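# Architecture at a glance
Letter by letter, the chains look like this.
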Amino acid sequence: MIIKKAILALLMTAALAGCETQTEGQQRATTGALIGGAGGALVGQAIGGNTKSTVIGAASGALLGAVVGSATTPQRRGEQLCRYQDRYGRIYTAPCDDRYYNGDY
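## Quick look at the overall build of the protein chain
- The helix and strand inventory of the protein chain stands at four helices and two strands.
- Mapped in sequence order, the helices and strands of the protein chain form the string α-α-α-β-β-α.
- Taking all 105 residues of the protein chain together, 17% fall into the buried category.
- Counting every atom, the protein chain has about 8,300 Å² of accessible surface; 64% of that belongs to carbon and sulfur.

## Quick word on the pairing of strand β1 (residues 81-85)
- The alternating pattern of β1 places C82 and Y84 on a buried face, while none of L81, R83 and Q85, on the opposite face, is buried.
- Bridging between β1 and strand β2 (residues 91-95) involves five bridges; their strand directions are antiparallel. Among the inter-strand pairings, Q85 is bridged to a residue of β2, identified as I91.
- Here β1 folds back onto β2 in antiparallel fashion, the turn holding five residues, of which G89 has a positive phi close to 90°.

## Description of the environment of V55
- Mapping V55 onto the fold places it in helix α3 (residues 51-71).
- Classification of V55 by relative accessible area gives exposed; the value is 52%.
- For the pair V55 and A41, spaced 14 residues apart in the sequence, the C-alpha separation amounts to 6.4 Å.

## Topic: the environment of T93
- Along the chain, the position of T93 falls in strand β2.
- Residue classification places T93 among the exposed positions, given a relative accessible area of 55%.
- Each C-alpha atom, one on T93 and one on R83, is 4.5 Å from the other, the two residues being ten residues apart in sequence.
- Ignoring any residue separated from it by four or fewer positions in sequence, one finds T93 in contact with C82 and R83.

## Details of the state of the cysteines
- The final tally for this structure, using the stated rule, is one disulfide.
- Disulfide partner of C82: C96, at an S-S distance of 1.8 Å. A torsion of 100° about the S-S bond marks the disulfide between C82 and C96 as right-handed. Here C82, found in strand β1, pairs with C96, found in the loop between β2 and α4 (98-102); they are 14 residues apart in sequence, far enough to count as distant.

Rules behind the numbers
Residues numbered from 1 in each chain as written. Predicted model: local features only at pLDDT ≥ 70, side-chain atom pairs only at ≥ 80, totals over all residues. Heavy atoms only, no water. Helix = DSSP H or I, 4+ residues; strand = E, 2+ residues; numbered from the N terminus. Buried < 20%, exposed > 50% of the residue type's maximum accessible area, 1.4 Å probe, protein only. Areas by Shrake-Rupley, 256 points an atom, 1.4 Å probe, with all protein chains shown as cover. Pairing = 2+ DSSP bridges. Contact = heavy atoms within 4.5 Å. Disulfide = S-S within 2.5 Å.

Remember, this is a structural readout, not a statement about activity or role.
Written out as structure tokens, the structure reads:
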């Protein structure tokens, strides 16, 4: 029993250490997946009352939570990169100009 708790503590520490270098979008997706997974597991257990429905609910909730968390990440002005083509036909990326943010592209 003590070994299981030690392994669980090690896994939790490793999971939290990985969050340090994540972008805001990745953090929101991770948080959404955790919350969605927990909520989905509760709903799956309440509806089906068995392990299979709990696992299906947790997986569905985690997927939906990750998608919603990632999609609701606000885009900051100047951080979005756009593809441009110069007069010689070369394609390059650079921060988007005001036409992108105003919808005039």
